[in-house]
Structures are given as structure tokens and as C-alpha cells.
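# A structural walkthrough
Letter by letter, the chains look like this.
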Amino acid sequence: FVNSAFAYLWHRKSFLYQFNYKMSLVSKEKITRVQYFPRWLLDALITREKGKCHYCQTIVVSPANFNQSYDIDHMIAIDNRGTNDPTNLVLSCPACNNKKRAKFVNIPDVFAWPKVP
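Residues numbered from 1 in each chain as written. Predicted model: local features only at pLDDT ≥ 70, side-chain atom pairs only at ≥ 80, totals over all residues. Heavy atoms only, no water.

Glancing now at the overall build of the protein chain. On a plain count of helices and strands, the protein chain comes out with four helices and two strands. Taken over 117 residues, the protein chain has a buried fraction of 34%. Contacts spanning at least 24 positions in sequence make up 68% of the contacts within the protein chain whose residues lie at least 6 apart. Per element, the accessible surface of the protein chain, about 7,900 Å² overall, is 61% carbon and sulfur. (Helix = DSSP H or I, 4+ residues; strand = E, 2+ residues; numbered from the N terminus. Buried < 20%, exposed > 50% of the residue type's maximum accessible area, 1.4 Å probe, protein only. Contact = heavy atoms within 4.5 Å. Areas by Shrake-Rupley, 256 points an atom, 1.4 Å probe, with all protein chains shown as cover.)

Laid out in C-alpha cells, this is it:
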């Protein structure tokens, strides 16, 4: 049950956005941006996003692409009291990440349970 609940919430990016936004409202101070994310987290984000930018849906990670360029973006920016928690992170192309900066940008959920045969 716990694994199912986590899998459901991990894919509900709208829920994660709202959760992190509310957490940022009660945060007293800005935290330091991490410079390194562990490989397991990068793999989890790439898998969840299916290799696509969270914002524009352009493929940024693909086994066929040798010169991959992607960013790990904070949905709620560190400047807005966001955190480095995995629930606040999404895969982004550099252009979308630079365009977003510290703005609040929400993307609705597109999660659907797999169809059972």
C-alpha cells in the first residue's frame, strides 16, 4: 500500500507543486541550493518525466542522444523558499529553466493509472 501511495503521489506533479508551495509559505529562511544530485535521483526524475522537459515536453534525455543537455529545476525556486527535496524537482531543458527563473509555473497532472488487461 505504501509503495502504491508513493508511486501515485510521485507522479502527481500538481499535488507536489501545491505541497511545496505551501511549505515555502511557512519556511523562515532560504536554503542553500545543492550542487550535486545523486544518480538514483536523476534516474528517478528522468524516468518520471520520460526524458522530456517538464515545461515544453521536448525530449532532453534519450539513449540515442549523445550530447544531452538538461537541468534539474526546482518547481518552487530556492529564491522563493523552495527546497532541494525530490518532491520539488523536475527535469527541464536549459531554455525553459532559464526562462522560468524564480517564477511560479504550474503544470496540471497528466498521470493516469495503467490499463489492466
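What the rule picks out here adds up to zero aromatic pairs. In this structure, Arg-48 packs its charged tip against the face of Trp-10, placed 4.2 Å from the ring centre. (Phe/Tyr/Trp six-rings, centres within 6.5 Å; stacked < 30°, edge-to-face > 60°. Lys NZ or Arg CZ within 6 Å of the ring centre and 35° of its normal.)

Bringing the pattern of salt bridges into the picture now. In this structure the tally under the stated criterion is five salt bridges. Taking the shortest distance from any N to any O, the salt bridge between Glu-49 and Lys-13 comes out at 2.6 Å. In this pair, Glu-49 is assigned in helix 3 (residues 39-49) and Lys-13 in helix 2 (residues 13-26), connecting sequence segments 36 residues apart. Linked by salt bridges that have partners in common, Lys-13, Arg-48 and Glu-49 make up one network. (Salt bridge = Lys/Arg side-chain N within 4 Å of Asp/Glu carboxyl O.)

Listed as buried for helix 3 are Leu-41, Leu-42, Leu-45, Ile-46, Arg-48 and Glu-49. Looking straight down helix 3, one finds that the buried residues subtend no more than 165° of arc, so they occupy a single side. Residues Trp-40 and Thr-47 are exposed on helix 3 and point more than 90 degrees away from its buried face. At the exit of helix 3 stands Lys-50, carrying a positive phi of roughly 55°. (Arc of directions from axis to C-beta.)

Quick look at the nonpolar core now. With 20 residues, the main nonpolar core has Phe-37, Leu-45, Cys-53, Val-60, Ile-72, Leu-89 and Leu-91 as its most contacted residues. For this core, the elements supplying multiple residues, two or more each, are helix 2, helix 3 and strand 2 (89-92). Considering each element in turn, this core owes the most residues, four residues, to helix 3. (Core = buried A, V, L, I, M, F, W, Y, C linked by side-chain atoms within 4.5 Å.)

A separate point is the environment of Pro-63. Position of Pro-63 among the secondary structure elements: in the loop between helix 3 and strand 1 (71-74). Judged by its relative accessible area of 82%, Pro-63 is exposed. Separated by 12 residues in the primary sequence, Pro-63 and Gly-51 place their C-alpha atoms 9.6 Å from one another.

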